[in-house]
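# Structure assessment
These are the residues of each chain, in order.
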There are 2 protein chains.
Amino acid sequence: MADSTALPVSLQDVEEAAGRVAPWVHTTPVLTSSTLDELSGRRLHFKAEIFQRGGSFKIRGACNSVFALPDDVAAHGVVAHSSGNHAAAVALAAKLRGIPAQVVVPKDTPAIKQAAIRTYGVEPILCEPTMEAREATCAAVQQQTGATFVPPFNSVLTIAGQGTIGLEFLQQVPELEAIIVPVSGGGMISGIAVAAKGIKPSIRIIAAEPAGRNDAADVAASKAAGQLVQLPKPATICDGLQARLGSLTWPIVQRLVDDVVTVSEEEVVAAMQLIMERMKVVVEPSGAAGVAAALSSQMRERHPGLGHVGVILCGGNVDFCSRTPDFWQRWLQPSPAAS
Amino acid sequence: MADSTALPVSLQDVEEAAGRVAPWVHTTPVLTSSTLDELSGRRLHFKAEIFQRGGSFKIRGACNSVFALPDDVAAHGVVAHSSGNHAAAVALAAKLRGIPAQVVVPKDTPAIKQAAIRTYGVEPILCEPTMEAREATCAAVQQQTGATFVPPFNSVLTIAGQGTIGLEFLQQVPELEAIIVPVSGGGMISGIAVAAKGIKPSIRIIAAEPAGRNDAADVAASKAAGQLVQLPKPATICDGLQARLGSLTWPIVQRLVDDVVTVSEEEVVAAMQLIMERMKVVVEPSGAAGVAAALSSQMRERHPGLGHVGVILCGGNVDFCSRTPDFWQRWLQPSPAAS
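Residues numbered from 1 in each chain as written. Chains lettered and ligands numbered in written order. Predicted model: local features only at pLDDT ≥ 70, side-chain atom pairs only at ≥ 80, totals over all residues. Heavy atoms only, no water.

In the nomenclature of an unreviewed UniProt entry, chain A corresponds to Serine racemase from the organism Chlorella sorokiniana.

## As for the overall build of chain A
Put simply, the test is: In this text, helices come from DSSP runs of H or I with a minimum length of four residues, and strands from runs of E with a minimum of two, each type numbered from the N-terminal end. The reference for a compact globule is 2.2 Å times residues^0.38; the radius of gyration itself is calculated from the C-alpha atoms. Only protein chains enter the accessibility calculation, which uses a 1.4 Å probe; a residue is then buried when its area is under 20% of its type maximum, exposed when over 50%, and partly exposed in between.
Along the backbone of chain A there are 15 helices and 10 strands. Relative to its length of 339 residues, chain A is compact, with a C-alpha radius of gyration of 19 Å against a globular reference of 20 Å. Judged by the C-alpha coordinates and their principal axes, chain A covers about 60 × 55 × 40 Å. The proportion of buried residues among the 339 residues of chain A is 57%.

## Some points on the UniProt feature "domain: Tryptophan synthase beta chain-like PALP" (unreviewed entry) in chain A
What counts is decided by this rule: UniProt positions are given in the numbering used here, feature names are shortened, and annotations may be inferred rather than shown by experiment.
The feature "domain: Tryptophan synthase beta chain-like PALP" (unreviewed entry), as given by UniProt, occupies residues 24-315 of chain A in the numbering adopted here. The distance from the first to the last C-alpha atom of residues 24-315 of chain A is 18 Å, and the span holds 46% helix and 16% strand.

## Quick word on the side chain of H86 of chain A
Residues and elements named next belong to chain A. Here is the rule we go by: Here, residues are in contact when the closest pair of their heavy atoms is within 4.5 Å.
Turning to its location among the elements, H86 is positioned in helix 5 (residues 85-97). Judged by relative accessible area, H86 falls into the buried class, the value being 4%. Ignoring any residue separated from it by four or fewer positions in sequence, one finds H86 in contact with K58, A80, H81, V150, P151 and P152.

## A closer look at the relation of the copies chain B and chain A
Threshold: C-alpha atoms of residues with pLDDT of at least 70 in both copies form the basis for the least-squares superposition of the copies.
Note on the identical chains: chain B maps onto chain A by a rotation of 180 degrees and an axial translation of 0.0 Å, with an RMSD of 0.0 Å. Look at the turn and shift together and you get a two-fold axis relating the two. It is V281 of chain B whose C-alpha, among those of chain B, lies nearest the rotation axis, at 2.1 Å. Looking at the interface residues of chain B, 100% of them are also at the interface in chain A, so both copies use one shared face.

## Comments concerning the domain arrangement of chain A
All names here are of chain A. So the rule is basically this: The start and end points of each domain follow an automatic or database-based domain assignment. Accessible area, probed at 1.4 Å, shrinks when two parts are joined; the buried area is that loss added up over both. In the sections that follow, a salt bridge refers to a side-chain nitrogen of Lys or Arg positioned within 4 Å of a carboxyl oxygen of Asp or Glu.
Domain parsing of chain A yields domain 1 (4-57 + 155-313) and domain 2 (58-149). The gap between the C-alpha centroids of domain 1 and domain 2 is 24 Å. Facing the 24 residues of domain 1 at the interface are 14 residues of domain 2. For the pair domain 1 and domain 2, the two sides together bury roughly 1600 Å², of which 53% comes from carbon and sulfur. Contact with domain 2 buries area across many residues of domain 1, yet R20, W24 and R53 alone supply 32% of it, more than any other trio. Applying the counting rule to domain 1 against domain 2 returns 2 salt bridges. Where R60 meets E49, a salt bridge forms, and the shortest distance between an N and an O atom there is 2.6 Å. With 8 residues, helix 8 (residues 156-172) is the single largest residue contributor to the side of domain 1 that touches domain 2.

## What about the pairing of strand 3 (residues 78-81) of chain A?
Residues and elements named next belong to chain A. Defined as follows: A pair of strands is labelled paired if DSSP reports no fewer than 2 bridges between them. Viewed with both strands pointing away, a crossover whose connecting path from the first strand over the helix to the second turns clockwise is right-handed.
Every second residue of strand 3 is oriented toward a common face, with V78 and A80 on one face and V79 and H81 on the other, all of them buried. Looking at chain direction, strand 3 and strand 4 (residues 101-106) are connected through 4 bridges and run parallel. By the bridge assignment, V78 is partnered in strand 4 with A101. For the handedness criterion, the β-α-β arrangement of strand 3, helix 5 and strand 4 is classed as right-handed.

## Some points on the interface of chain B and chain A
A common way to state how big an interface is: give the accessible area lost once the parts meet. This is how the line gets drawn: In the analysis that follows, any N or O atom pair within 3.5 Å is treated as a polar contact, provided that within protein one partner can donate a hydrogen and the other can accept it, and provided that, for residues neighboring in sequence, both atoms belong to side chains. When residue character is reported, Ala, Val, Leu, Ile, Met, Phe, Trp, Tyr, Cys and Pro are called nonpolar, Asp, Glu, Lys and Arg charged, and the others, Gly included, polar.
Taken residue by residue, the interface counts 41 residues in chain B and 41 residues in chain A. Both sides together, the interface formed by chain B and chain A hides about 3800 Å², and carbon and sulfur atoms give 65% of it. Contact with chain A buries surface across chain B, with Q273, K280 and W331 of chain B losing the most and accounting together for 20% of the total. Linking chain B with chain A are 0 salt bridges. Applying the counting criterion to the chain B and chain A interface returns 6 residue pairs in polar contact (both at pLDDT 80 or more). Mapped by element, the contributors of at least two residues to the side of chain B that touches chain A are helix 6 (111-119), helix 12 (265-279) and helix 15 (325-331) of chain B. It is helix 12 of chain B that provides the largest number of residues to the side of chain B that touches chain A, a total of 9 residues. Class assignment for the residues of the side of chain B that touches chain A results in 25 nonpolar, 8 polar and 8 charged.

## Quick notes on the pattern of salt bridges
Summed over all chains, the structure comprises 24 salt bridges over all chains. In this structure, R302 of chain A engages D259 of chain A in a salt bridge whose closest nitrogen and oxygen atoms are separated by 2.9 Å. In this pair, R302 of chain A sits in helix 14 (residues 297-302) while D259 of chain A sits in strand 9 (residues 259-263), placing the two residues 43 residues apart along the sequence. Classification of R302 of chain A as partly exposed rests on a relative accessible area of 40%. Measuring nitrogen to oxygen at the nearest pair gives 2.7 Å for the salt bridge that ties K197 of chain B to D258 of chain B. Here D258 of chain B lies in the loop between helix 11 (249-256) and strand 9 (259-263) and K197 of chain B lies in helix 9 (residues 187-199), a separation of 61 residues in the sequence. A relative accessible area of 12% means that K197 of chain B is categorised as buried.

## Focus on the environment of V309 of chain B
Among the secondary structure elements, V309 of chain B is positioned in strand 10 (residues 308-313). Residues V309 of chain B and R43 of chain B, spaced 266 residues apart in sequence, show a C-alpha to C-alpha distance of 6.3 Å.

## Considerations on the nonpolar core
Note the following rule: In this text, buried Ala, Val, Leu, Ile, Met, Phe, Trp, Tyr and Cys residues form a nonpolar core when linked through side-chain atoms within 4.5 Å.
Ranked by internal contacts, the top residues of the largest apolar core, which has 84 residues, are F46, I180 and W331 of chain A together with F46 and I180 of chain B. Excluding anything up to four places from it in sequence, F46 of chain A contacts P29, V30, L31, T32, S33, L36, M279, V291, V311 and L313 of chain A.

## Things to note about the packing of aromatic side chains
Residue and element names in this part refer to chain A. Convention followed: Ring pairs shown here join Phe, Tyr and Trp side chains whose ring centres sit within 6.5 Å, with only the six-membered ring taken for Trp; geometry is labelled stacked below 30 degrees between planes, edge-to-face above 60, and tilted in between.
This structure, assessed with the given rule, holds 2 aromatic pairs over all chains. Taking 4.6 Å as the distance between ring centres and 15 degrees as the angle between the ring planes, the aromatic pair formed by W24 and F67 counts as stacked. You can see W24 sitting in the loop between helix 1 (11-21) and strand 1 (30-31) and its partner F67 sitting in helix 3 (residues 58-67), a full 43 residues away along the chain. The exposure class of F67 is buried, given its relative accessible area of 19%.

## A few points about helix 13 (residues 285-294) of chain A
Counting buried positions along helix 13 of chain A yields 10 of 10 residues, so the element is predominantly enclosed. For helix 13 of chain A, the set of buried residues is P285, S286, G287, A288, A289, G290, V291, A292, A293 and A294 of chain A.

## As for unusual backbone geometry
All names here are of chain B. Phi at D215 is positive, roughly 50 degrees, even though this residue is not glycine. Tracing the chain through its elements places D215 in the loop between strand 8 (204-210) and helix 10 (218-225). Among the residues examined, D215 registers a relative accessible area of 62% and is labelled exposed. Residues other than glycine seldom take positive phi values, yet K280 does so here, at roughly 65 degrees. Along the chain, the position of K280 falls in the loop between helix 12 and helix 13 (285-294). Under the relative-accessibility criterion, K280 is labelled buried at 5%.

## Details of the packing of helix 1 of chain A against helix 3 of chain A
Residues and elements named next belong to chain A. Spelled out, the test is: In this description, a line fitted to the C-alpha atoms serves as the axis of each element, helices being fitted only across the stretch in contact, and the angle between N-to-C directions of two axes falls anywhere from 0 to 180 degrees. Angular relationships are summarised with four words: roughly parallel below 35 degrees, roughly antiparallel beyond 145, roughly perpendicular across 65 to 115, and oblique for the angles in between.
Interaxial distance between helix 1 and helix 3 falls to 9 Å at its minimum, and their mutual angle equals 85 degrees. On the basis of the axis angle, helix 1 is roughly perpendicular to helix 3. Residues A17, R20 and V21 of helix 1 form the contact with helix 3, whose own contacting residues are R60, C63, N64 and F67.

## Observations regarding the state of the cysteines
Residues and elements named next belong to chain B. Basically, it comes down to this: Cysteine sulfur atoms are paired as a disulfide whenever they come within 2.5 Å of each other.
Throughout the structure, instances matching the rule amount to 0 disulfides over all chains. There is no disulfide at C314, and the cysteine sulfur nearest it, in C238, is 8.9 Å away. Residue C314 is classed as buried on the basis of its relative accessible area of 4%.

Structure follows, in structure tokens:
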């Protein structure tokens, strides 16, 4: 095995993160389901980050980033751009620390997600829906206020914060032989890989990546090529899994991730239905991607011997509330497919 | 207070039920939500029977009924009719005891619910979708097989079994001042009322009843009239709350239920959305009725002083799996209402 001290994030970074975020984040429960065990042929352990504060794991990295700032730096506030869970997490982390936050969101961000940000006392700054506009608007805010930028995944503090999931999960289920983690920018899987392999070197880390309707699985392609492959943004129902690996996450993914299982849109949807129907918990499509991988034929063929497998249910923010009673009453009718 | 020994079910019946079903049913968790606390102006405690075996509280009454049978009677099996959660619960209880079960279901029962019954090794017997056909088919099965009929709510064993929720809930949250229970045939609320008032006489039991689009709230009408009022079946999205009070449940409801809060279809739908979005758990419309009551203006006006209020999330069997990937992909788009 290569020397993990050369990687940008260490087990010690994650352990420090765990101490820093402990007062602010939930220890999320681990769920099991005999139905899903039967379907997968394993004992599956689901780390329910859907019950995390803000509805996703993102608060771990956001809190680690926000609470690591020295007081005089923190006083100028923080700034982030995101159309999803990271935005709300940074707003919440700043509120917990009692410092200002500015959050830049593309103007096509659903009202419900903008409302979530306002819940934490932050009025979102709207910008054009391009990465350039997001970054330029953030830079302008930084210049005006001296705020610190909180990256969504490509930073040591963010990666180490997300890694606390790995520490917690192995404390809760020491017998885990593998952990399946949905991958996007790679912050969560990098952190979990560093933490879990630091504690238990034999554990396997498996990425779950949506190929998208445009077949754009960059993690699988990069791992296969042995170098970071640039692909277009995936067109996928997994709205939280549309980022690309970064300069810090790629070296960790390259070294510590053992396999990448790509999942189709249909597999994600089927997994989401199954989780909601059998386990009675709400996951967003991105949160179901790991379950789709766990149930896939790739998993069965390539990892026949794994018994105890962990799966991260990373987020549960589904936009139910924008639906009208009429919609629901139609939706709750038995569908033709059922009869 | 009137003498509760005159009621058809006693605290002792419930305590016996608790011992009988303990090996077979889950002790379900109690959930909380700061968002829903703020909206209701109380500390709400949600008894999550959605995580119960079979996805609803019905397994409690079914197990109490099935395991109370003497061996020689049980050997002839059990029979039930139901279009919903009771059918699956009786099939599962019989499987647990290792005896035959026959379940009569109206032929318009969704395939998904028929499939749930098959999961427990029972092939549903289809009949015409009328109460007369259901009862006649059951009677024929009984004649042929000598099976014992397991009533969905109007029996001492069923009521006492459902009452174990009340015992468990007060052990988990002794500070409860009231419990809100969705009402239909009245088995669950009767059992909970007997148990909870038996242990803590000051506790208030509040029924949550859907008025339906045809304004058919029979529990509210009967309580107001002081006698059992016959009304048509409510036309409601709460498919699990369409039964009517029975000869055993009405006297208990009359004596021990302190108030009936009627909820509209819109309130049920809004509550269901809120639970799924904020608490990340799946409830069926019937399971959301208690939450709708907890958030209602009636509750606020008539019970201003209540602090700790329990709410039963009685079932989580929503028919997600009959939906196609196409449906979900459309559904998961941000709706026009959100922008």
